[in-house]
Amino acid sequence: MATHNKFNWLKFYSWSRWLHLYISTVLFATLVFFAITGITLNNSWYDDASGNEGELEIELSETLRAGLREDSWDPDLSALRATVADATGLGEPSRVELFAEYQEVTFEYALPAGQALATLTPDRAWLEYETGSLLALANALHKSRDGGAVWSVFVDVAAVGMLLFAITGITILFQNRRRRRSALLSVALGLLTPVGLYLLFVPGVG
């Protein structure tokens, strides 16, 4: 029975080393990205000076134009969204507004470190957009702001991967009996340091 338990522990440590190694390789670029953007966000480095803005023309079919005219006001929102998506590559708008008196439909799009507005009328359809600098974009993606559903899931998966990376690293340290005490001290220090800094130096009420 003792041999069986020892075998299980050896297998567990071996699995931990394998997982730790491959998580570190798979998430290497992600770890670097979130580490660097954590520094830029903490120091309020945004640098929007090199952002971009402009306009894109959107071609509407005669049927869609007719639906926007005052005498036959009946805009096909689904077809209009699809037309804008085909012309610009944008997905679902974050806001839709209809102005029958102006024969106008607008779609607003939230972008990481930017925004876009599509204005559709019987006479003209166009998209106005603003984008931030590369640094502003990286900061927005760090916070998973307006990056879309897929990016949001990726951030969650990356966070779980980083947690596993830390846990398997501690597990590997505990494999060596001679270093278990130093490992425990390191874990305790790592836990107490941020808590102590918060209690001692972070402003609060009460």
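Placed above this text is the structure.
Residues numbered from 1 in each chain as written. Predicted model: local features only at pLDDT ≥ 70, side-chain atom pairs only at ≥ 80, totals over all residues. Heavy atoms only, no water.

A.B. asks: Teacher, can you tell me more about the sheet that holds strand S2 (residues 95-99) here?
C.D. replies: The strand order S1-S5-S4-S3-S2 describes an open sheet built from five strands, whose pairing is antiparallel. A single partner strand is all that each edge strand has here, and the edge strands are strand S1 (52-57) and S2. Adjacent strand axes in the sheet meet at a mean angle of 15° when their direction is disregarded. Lying on the sheet, helix H4 (residues 77-88) is in contact with S1, S2, strand S3 (104-111), strand S4 (114-120) and strand S5 (125-131); it crosses S3 at an angle near 50°. (Pairing = 2+ DSSP bridges. Helix = DSSP H or I, 4+ residues; strand = E, 2+ residues; numbered from the N terminus. Axes fitted to C-alpha atoms, helices over the stretch in contact; angles between N-to-C directions. Contact = heavy atoms within 4.5 Å.)

A.B. asks: Looking at this structure, I do not really get the pattern of salt bridges. What am I missing?
C.D. replies: Oppositely charged side chains can form a pair if their charged atoms are brought close together. Tallied over the full model, the rule gives six salt bridges. For Arg-124, the salt bridge goes to Glu-55, with nearest N and O atoms at 3.0 Å. Linking Arg-124 in the loop between S4 and S5 with Glu-55 in strand S1, this pair joins segments that are 69 residues apart in sequence. On the basis of relative accessible area, Arg-124 is assigned to the partly exposed category, the value being 32%. For Glu-55, a relative accessible area of 44% corresponds to the partly exposed category. In this structure, Glu-62 engages Arg-69 in a salt bridge whose closest nitrogen and oxygen atoms are separated by 3.0 Å. Look at Arg-69 and you get partly exposed, because its relative accessible area is 29%. One salt-bridge network, held together by shared partners, links Glu-55, Glu-57 and Arg-124. (Salt bridge = Lys/Arg side-chain N within 4 Å of Asp/Glu carboxyl O. Buried < 20%, exposed > 50% of the residue type's maximum accessible area, 1.4 Å probe, protein only.)

A.B. asks: I tried to follow the environment of Pro-122 on my own but got confused; where do I start?
C.D. replies: Mapped onto the elements of the fold, Pro-122 is located in the loop between S4 and S5. Residue Pro-122 is classed as buried on the basis of its relative accessible area of 9%. C-alpha separation for the pair Pro-122 and Leu-137, spaced 15 residues apart in sequence, amounts to 34 Å. Filtering out sequence-adjacent residues up to four positions away, Pro-122 remains in contact with Arg-65, Leu-68, Arg-69 and Gln-103.

A.B. asks: What's the story with the side chain of Asn-139 in this structure? I'm lost.
C.D. replies: Position of Asn-139 among the secondary structure elements: in helix H5 (residues 134-142). Contacts of Asn-139, omitting those with residues within four sequence positions, involve Thr-37, Thr-40, Leu-41, Trp-45 and Tyr-46.

A.B. asks: Is there a simple way to think about the packing of helix H2 (residues 28-42) against H5 in this case?
C.D. replies: Axis separation between H2 and H5 bottoms out at 9 Å; the angle between their running directions is 105°. What the angle tells us is that H2 and H5 run roughly perpendicular. The segment H2 lies against H5, with Phe-33, Phe-34, Thr-37, Gly-38, Thr-40 and Leu-41 engaging Leu-135, Ala-138, Asn-139, Leu-141 and His-142. (Parallel < 35°, antiparallel > 145°, perpendicular 65-115°, else oblique.)

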